[in-house]
Each structure stands twice: as C-alpha cells, then as structure tokens.
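# Secondary and tertiary structure notes
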Amino acid sequence: MFPYSTDNKRYHTFNYHLKQKYHHKVAKVSLNADFTCPNKDGTKGYGGCIFCSSSGSGDFAGNPNESLDSQFNKVSQLMQVKWPNCKYIAYFQANTNTYGPIEKIKQCIEPFLEKQDVVAIAIATRPDCLSDEIVEYLHTVNQKKDIWLELGLQTIHENTATFINRGHTYQEFLDGLALARKYQLNVCVHVMNGLPYETPEMMLETVKVVGQLDIQAIKIHMLYVVENTKLATIYKKDPFDILSRDQFINLVVEQLAYLPENIIIERLTGDGKIDDLIAPLWSIKKVMILNDIDKLMVQKQYMQGCKLKG
C-alpha cells in the first residue's frame, strides 16, 4: 500500500494529508473576493490567459456582490449536512488574490482567522504578484492558520506561455516560488495538460521539472475550451488537437510516476462549467476518469514516484 493514502490510492492524496493533520474531514470553500488580475487591467496585458473565463478561474467561487462571510456561510452550511463536524479551508479562488493593496488583502483574510472551523486559508495568485511585504504578512498569518499559496504555472515552456497569454515568464515563477519558500509558505503549483500545440512529451517534462522544485503540492488540470473565451474563438476558427480521454489518463499516470511521493496531489482533473464547455466533453465524468487512473496505476504496477527510484 502507498504510505500516503488510506483509500487504496497509489498517490499522495490531499484527503490523506488533511485527515492526518487535522483529524477531521476538511473541505474547501471557494470564495470570490473581487480582485482583478494584472493580465486583465493592462499592467501585464488584457483579457487574461486565453482559456480564462470572465470569472478568472472562479466559475465555482462565490458571488462577489455578497460579503465573504455570506459566501462562506452558504457553502459551509451545505457541507455540514453532508459532513457533520467538517472543518474548512477558506479558498480565495477567483482571479489574483494578492494583487491589490495590502490593506484589502488583510481585510479579506483576517475574519477567517477567528473562525474556529477554518483550519487553513488557500490563496490563488500569480507568482509575479508576490512582494516581500505581502509574503511577510502571510508568514505572520501562517503562525495562526496554515496558509497555502496556489501558483498558476500551467507549463514550463515559454512558447506556450506566450501563446496562452500567461503574462509572466518561467523565471518569474521561480522567483515567486523562492520568495514564498523563504517565508516557509506552502505552495501548490497548477499545471495544465492539453495546452494548444504541446506534445505529451512536453507536458510530461513540465511535471518532471516541477516535481524537482521545492513545492508541497500540485494540481494537474486538463485544458477546457469554454464559451466566451479567446481560446474558444481560436478553437472554432482553427481546431487544434485535444487530448483524448485515454491519452489524458495515460499521461497523468506517467506524470505521477515522476513526482516525488512527498508531494501532495490536490487534484488530477478539474470541473469545466458544463453549460459552457465546448471540449473535451469526455471530461464531464470526473469520477470515472479518476477511477480509470487508479486502475491503470494498478495495471502498470505504478506508485507515485516509482520512476525516480533506481
């Protein structure tokens, strides 16, 4: 049995980590604090990443017209019905949540330090939107509640980064990661399979390289083409190859084999907004995809990190 799992998974599950640390079921509550992004307001660019919806990757976050407290209470009360005595991670998900005055960042975070049922705070941001002032503040918060920074990288390949209008270089990512780790902040890196014109070998290389960095967790996403994005316009005009279901599953299994076993796997696929999803339609059945990843790992006799061992 894999040492970092209690449910027969062959990789280091986030559920295992949370139960070991907090001795409770822990769930994320996605919040929208109404931040923007330097890739939208003209500082770095306009329109954001070409795959990004108007919600800034916050399609399942709360309504920014409601207070953060109201957003949190609505979701947490529903979760309590499903999981009595559940604890929570307050997840600032939409857009870039360290892009703004330090006063706003404090006003968003500090009410959650007082909530007894909140065990950690996760902050989605860009590596080029971390300053010493902000990271030093988060370090002080980290003494009270666990802080996780979620950094969007998607790919190590600069040509792809330029094509998707990411707006920061790989070196800027490395600099942001170094700053976060200087202040002992946990970092979860987002990578994306299926980006236009990347080969499976390039996607595998991204994970191999990222796995050797000082990171604590990773999220592996599949690229979604959704309505009302620049990517959708490109795809409709000149369709590029989308990974098939089998290609994606095979790729993820190989990626897991090259990730050190101490790195937490926060997710292996995501949720596209079904009403707006153009491709890949196979991604809708997330549970079945995860089950087939598990089956292929058993079939190949793989464990996370198995290809790193001599």
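This write-up is about the structure you can find in this document.

Next up on the list: helix H7 (residues 200-211). In a regular helix each residue adds 1.5 Å, so 12 residues correspond to 16 Å; H7 covers 17 Å between its end C-alpha atoms and thus fits that length. Looking only at H7, the buried set comprises Met203, Leu204, Thr206, Val207, Val210 and Gly211. Relative to the axis of H7, the buried residues are bounded by an arc of 150° and lie together on one face. Elements in contact with the buried residues of H7: strand E4 (146-154), strand E5 (186-193), strand E6 (217-222) and helix H9 (245-257).

This brings us to the side chain of Glu198. Mapping Glu198 onto the fold places it in the loop between E5 and H7. Within the buried set, Glu198 has no salt-bridge partner at all; the shortest N-O distance to an opposite charge, 7.9 Å, is to Arg166.

For the rest of this paragraph, the subject is a negative patch on the surface. A contiguous patch of negative charge, built from Glu103, Asp132, Glu133 and Glu136, is present on the exposed surface. Element by element, the count of residues in the negative patch is highest for helix H4 (residues 132-141), at three residues. Along the chain, Glu136 turns up in helix H4.

Further remarks concern the packing of aromatic side chains. Per the stated rule, a full pass over the model turns up 11 aromatic pairs. Consider the rings of Phe248 and Trp282, whose centres lie 5.5 Å apart with planes at 40°: the pair is tilted. Of this pair, Phe248 sits in helix H9 while Trp282 sits in the loop between strand E9 (277-279) and helix H10 (286-300); the two residues are 34 residues apart in sequence, bridging distant segments of the chain. This pair shows no difference in class: Phe248 is buried, exactly as Trp282 is. Pairwise contacts between aromatic rings join Phe72, Tyr88, Phe92 and Phe112 into one cluster. If you follow Lys25 out to its NZ or CZ, it ends over the ring of Trp83, 4.4 Å from the centre. Lying over the aromatic face of Tyr91, Lys28 brings its terminal NZ or CZ to 4.2 Å of the ring centre.

With eight of nine residues buried, E4 is to be regarded as a mostly interior element. Note: strand E3 (residues 118-125) against E4, six bridges, orientation parallel. Within E4, the position partnered with Ala122 by the bridge is Trp148. The parallel pair E3 and E4 is bridged by H4, and the resulting crossover is right-handed.

Each value, and the rule that gives it
Residues numbered from 1 in each chain as written. Predicted model: local features only at pLDDT ≥ 70, side-chain atom pairs only at ≥ 80, totals over all residues. Heavy atoms only, no water. Helix = DSSP H or I, 4+ residues; strand = E, 2+ residues; numbered from the N terminus. Expected span 1.5 Å × (residues − 1). Buried < 20%, exposed > 50% of the residue type's maximum accessible area, 1.4 Å probe, protein only. Arc of directions from axis to C-beta. Contact = heavy atoms within 4.5 Å. Lys, Arg positive; Asp, Glu negative; His and termini not counted. Salt bridge = Lys/Arg side-chain N within 4 Å of Asp/Glu carboxyl O. Patch = residues over 30% accessible without salt bridge, like charges linked within 9 Å, V, L, I, M, F, W, Y side chains within 5 Å. Areas by Shrake-Rupley, 256 points an atom, 1.4 Å probe, with all protein chains shown as cover. Charge placed at Lys NZ, Arg CZ, Asp CG, Glu CD. Phe/Tyr/Trp six-rings, centres within 6.5 Å; stacked < 30°, edge-to-face > 60°. Lys NZ or Arg CZ within 6 Å of the ring centre and 35° of its normal. Pairing = 2+ DSSP bridges. Right-handed = clockwise from strand over helix to strand, strands pointing away.

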